[in-house]
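Examining the three-dimensional arrangement
Below, each chain spelled out in residue letters.
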Amino acid sequence: MKLTKLLHINKPIIQGSMAGISQPPLVIAVSNAGGLGVLTTVGLTPETLREAIQAIRAGTRQPFGVNLMLQQPNISALLPVLLADPVPVVFTGAGNPKPFIQDLINVGTKVIPVIPNVKIARKMSALGASAVVAEGMESGGHIGTETTMTLVPQVVSAVDLPVIAAGGIGTVASVRAAFSLGAVGVQVGTAFLVAAETPVANTYKRLILQADDTSTVVTGTGADRVRSLKTPLTEKLLTATPTEQVKLATGSLQRAIKGDVANGSFMAGQIAGSIKKIEPAAQIINRLAQGEPTILEELSQ
Ligand SMILES: Cc1cc2nc3c(=O)[nH]c(=O)nc-3n(C[C@H](O)[C@H](O)[C@H](O)COP(=O)(O)O)c2cc1C
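The paragraphs below set out a description of the structure included in this document. (Residues numbered from 1 in each chain as written. Predicted model: local features only at pLDDT ≥ 70, side-chain atom pairs only at ≥ 80, totals over all residues. Heavy atoms only, no water.)

Comments concerning the overall build of the protein
For clarity, the threshold we go by: Secondary structure elements are taken from DSSP: a helix is a run of H or I of four residues or more, a strand is a run of E of two residues or more, and numbering for both begins at the N terminus. Here the globule rule is a power law, 2.2 Å times the number of residues to the power 0.38, and the radius of gyration is based on C-alpha atoms. Here the term buried applies to any residue with accessible area under 20% of the maximum for its type, exposed to any over 50%, and partly exposed to those in between, with areas from a 1.4 Å probe on protein chains only. Contact criterion: two residues are considered in contact whenever any of their non-hydrogen atoms come within 4.5 Å of each other. In short, Shrake-Rupley with a 1.4 Å probe defines the accessible areas, and a residue's cover is counted only from the protein chains shown. For the charge count, each Lys or Arg is scored as positive and each Asp or Glu as negative, with His and the chain ends excluded. To locate a charge, take NZ of a lysine, CZ of an arginine, CG of an aspartate or CD of a glutamate.
Each helix and strand in the protein was counted, giving 15 helices and 11 strands. Against the compact-globule benchmark of 19 Å for 301 residues, the protein has a radius of gyration of 18 Å, which places it among compact chains. Counting only residues that meet the buried cut, the protein has 52% of its 301 residues in that class. Put simply, 60% of the contacts in the protein that link residues at least 6 apart link residues at least 24 apart. When the accessible surface of the protein is split by element, carbon and sulfur atoms take 55% of a total near 13,100 Å². For the protein, the separation between the mean place of its 24 positive charges and that of its 19 negative charges on side chains is 1 Å.

This is the structure we're talking about:
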């Protein structure tokens, strides 16, 4: 099924949630432009989540999503807010939504897990997910081990669900590539880090604009593998002991958001080297949407 039809949106472009970053003004701008904005819940309480959802509804009549990073300690406190006042879509990541997925489905919310491999895609399909985001390790933030190029077609073959490609997508050509691999839409994070509505320090945006193809590095292991721009902090993380790593990494994205170059983790994906200007989210959406196949191209497939 087409992503636009599934989510009632005009353009098959999802603004991937970014912890502490994808706040209501960005979500509103993306959804008003015809894509799907996704609210981060990292750092929110039930009260501030309720307020953020109200702010989004006041700013747009279009669908939007909410992200639950399942490593967050307060998921069970946030869930009642989403059950009492259902939102169109919930994206889950970094954990298994099994304990609550049916509750969300029962109130009419579509649940779309972000998955790093075929095994987890199959599990999410069996649990009743409406679609999956297949996220390759080119992505910024927490990552799996497979590349978008190899993961997306294997997930497309393995599950009978719409597949959204993520990781390394930030140009018209990469949107085209995602559709060629069988995806029905794309989820984009890094390219939205420099949107005019994105509330990070100018330093963060400048570092993205200055990045080239080899500017990111992966630190950490297992569930803590993180891709970010090479900075003094990533240098230290690469040689730190596991205990030191936890100390250095805790709160490091928040420090980056404030522009602390020495101690911040400037999470960003490998596509950062292609991002060359700050512009409104609507322009990013409109440009990326040019990569969607035309009706004629679809008919000829
Ligand atoms: C700074 C940053 C923070 C992120 N935080 C989250 C998050 O809290 N939850 C989540 O599911 N994905 C998170 N992601 C992943 C994005 O939602 C998206 O899937 C990813 O950025 C796509 O790859 P790209 O960076 O190559 O565009 C984050 C990505 C970045 C760059």
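What to know about the layout of surface pockets
Rules: Lining residues are those with an atom within 4 Å of a point, where the points come from a 1 Å grid over the protein atoms alone and group into cavities, where a 1.4 Å probe fits but cannot get out, or pockets, open sets with protein on both sides within 12 Å along at least five of seven lines. Grid points are joined across faces, edges and corners, and a volume is the space filled by probe spheres set on the points. Any residue outside Ala, Val, Leu, Ile, Met, Phe, Trp, Tyr, Cys, Pro, Asp, Glu, Lys and Arg is labelled polar, Gly included; the first ten of those are nonpolar and the last four are charged.
Considered as a void within the structure, the second largest pocket measures approximately 150 Å³ in volume. The wall of the second largest pocket is formed by Gly170, Thr171, Val172, Ala191, Val194, Ser274, Ile275, Lys276, Lys277, Glu279, Ile284 and Arg287. Counted by class, the lining of the second largest pocket contains 5 nonpolar, 3 polar and 4 charged residues.

Quick notes on the nonpolar core
Let me state the cut-off plainly: By nonpolar core we mean a set of buried residues, namely Ala, Val, Leu, Ile, Met, Phe, Trp, Tyr and Cys, connected to one another through side-chain atoms within 4.5 Å. Start and end positions for the domains come from either an automated domain assignment or a database one.
Within the largest apolar cluster, 77 residues are counted, with the highest numbers of intra-cluster contacts made by Val155, Phe192 and Tyr204. For this core, the two domains that each supply at least three residues are domain 1 (3-198 + 277-299) and domain 2 (202-272). Those residues within four positions of tyrosine 204 in sequence are excluded, and the remaining contacts are Ile21, Leu193, Leu253, Ala256, Ile257, Ser265, Phe266 and Met267. Grouped together as the second largest cluster of nonpolar side chains are 15 residues, Leu3, Val133, Ala166 and Val184 included.

A word on the site of the ligand
Rules: Each residue is tested against the molecule or strand, and it is near if at least one of its non-hydrogen atoms lies within 4 Å. N or O atoms within 3.5 Å of each other form a polar contact, as long as, within protein, one can give a hydrogen and the other can take it, and as long as residues adjacent in sequence are counted only when both atoms are side-chain atoms.
Around the ligand, the structure places 18 residues, and the nearest of them are Ser17, Glu135, Gly168, Gln187 and Thr190. Separating an oxygen atom of the ligand from a backbone N or O atom of glycine 167 is a distance of 3.5 Å. When the ligand is considered free in solution it has 600 Å² of accessible area, and contact with the protein chains removes 96% of it. Counting only elements with at least two residues in the shell around the ligand, the list comes to β3 (64-69) and β9 (185-188).

Some details on the pairing of strand β8 (residues 163-166)
Stated formally: Any two strands are treated as partners once DSSP identifies two or more bridges connecting them.
Here β8 shows a buried face lined by Val163 and Ala165 and a second buried face lined by Ile164 and Ala166. With 4 bridges connecting them, strand β6 (residues 132-135) and β8 associate as parallel partners. Residue pairing for β8: alanine 134 is matched across the bridge by alanine 165. Pairing of β8 with β9 involves 3 bridges; the strand directions are parallel. In the sheet register, alanine 165 faces β9, and the bridge partner there is valine 186.

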